[in-house]
Amino acid sequence: MHHHGYLWTGSKQRFDDEALRRPPHPDPPPADKPELIARYQEVKAEFPTVDLPPLETAHWLIKPAKLVRDTWEEPKEAAEWLGQQLTAYAPRFACESDRDSTRLALLVNSAAEQLGWGGDVSHGFYLERPAFLSVALVTCSPNRSAPDLVCPTVHTEEAPTKVHSPRPPRPC
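None of the values given here were measured: they were computed from a predicted structure. (Residues numbered from 1 in each chain as written. Predicted model: local features only at pLDDT ≥ 70, side-chain atom pairs only at ≥ 80, totals over all residues. Heavy atoms only, no water.)

**Structural notes on the pattern of salt bridges**
Line of reasoning, step 1. A full pass over the atoms with the stated rule returns 6 salt bridges.
Line of reasoning, step 2. The residue Arg-39 makes a salt bridge to Asp-17 at a minimum N-O spacing of 3.0 Å. In this pair, Arg-39 is assigned in helix α2 (residues 34-46) and Asp-17 in the loop between α1 (12-15) and α2, connecting sequence segments 22 residues apart.
Line of reasoning, step 3. By relative accessible area, Arg-39 is classed as partly exposed at 30%.
Line of reasoning, step 4. By relative accessible area, which is 26% here, Asp-17 ends up partly exposed.
Line of reasoning, step 5. Linking Arg-39 and Glu-42 is a salt bridge whose minimum nitrogen-to-oxygen distance equals 2.8 Å. Residue Arg-39 and its partner Glu-42 are both found in helix α2; the two are separated by 3 residues, about one turn of the helix.
Line of reasoning, step 6. One connected set of salt bridges, linked through shared partners, spans Asp-17, Arg-39 and Glu-42. (Salt bridge = Lys/Arg side-chain N within 4 Å of Asp/Glu carboxyl O. Helix = DSSP H or I, 4+ residues; strand = E, 2+ residues; numbered from the N terminus. Buried < 20%, exposed > 50% of the residue type's maximum accessible area, 1.4 Å probe, protein only.)

Have a look at this one:
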């Protein structure tokens, strides 16, 4: 078992496009609804490749391997990365109470516990301008909530598995 880190920042308006944040239904809409069919085909093509955070945390594993920010074997190391991201972005949090260092430390400690039993961790924060930050840690091989999903870094030539090579956060 290992853990992948994901980070996304962008406009709140783009984040709110929920159709592109969920996989399409397995059954297409009725043939007599051309506008629904067009939207269905758009979502079916874009969901697996778009960088938007999925509504269900485990669905990050469907996304391209290049979106993985880092990979860790140990839950504590993954939680430390979460803490680094939260600390880096905290000055930009729109809500002052979200910047509280004690609160952020509790989120990191909770993340280490949750990852330790195979859970996923996902947090979102409104930033200034209106922008949004999504940061997630996803347990892989297997994922408890979606055990059939394949690890994006092990089974692809796009990006080999990497461990402990952090990338700096991208600015908005």
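**Section: the packing of aromatic side chains**
For any pair of aromatic rings, the description consists of the separation of the ring centres together with the inter-plane angle of the planes.
Line of reasoning, step 1. Using the criterion set out here, one finds 6 aromatic pairs in the structure.
Line of reasoning, step 2. With centroids separated by 4.0 Å and ring planes inclined at 25°, the aromatic side chains of Phe-15 and Phe-132 adopt a geometry described as stacked. In this pair, Phe-15 is assigned in helix α1 and Phe-132 in strand β4 (residues 131-140), connecting sequence segments 117 residues apart.
Line of reasoning, step 3. On the basis of relative accessible area, Phe-15 is assigned to the buried category, the value being 10%.
Line of reasoning, step 4. Judged by relative accessible area, Phe-132 falls into the buried class, the value being 7%.
Line of reasoning, step 5. Plain terms: the ring middles of Trp-72 and Trp-81 are 5.3 Å apart, the flat faces sit at 45° to each other, and that makes the pair tilted.
Line of reasoning, step 6. Of the aromatic side chains, those joined through ring pairs into one cluster are Trp-8, Phe-15, Tyr-126 and Phe-132.
Line of reasoning, step 7. The ring of Phe-15 has Arg-21 lying over it, and the distance from NZ or CZ to the ring centre is 3.9 Å. (Phe/Tyr/Trp six-rings, centres within 6.5 Å; stacked < 30°, edge-to-face > 60°. Lys NZ or Arg CZ within 6 Å of the ring centre and 35° of its normal.)

**Remarks on the confidence of the model for the protein chain**
Line of reasoning, step 1. Scored by pLDDT, the protein chain comes out at a mean of 89, with 89% of its residues at no less than 70.
Line of reasoning, step 2. Within the protein chain, the lowest mean pLDDT, 90, falls on α2, and the highest, 98, falls on helix α3 (residues 75-89).
Line of reasoning, step 3. The low-confidence segment residues 155-172 (pLDDT under 50) makes 44 contacts with residues lying over four places distant or belonging to another chain. (pLDDT = per-residue confidence, 0-100. Contact = heavy atoms within 4.5 Å.)

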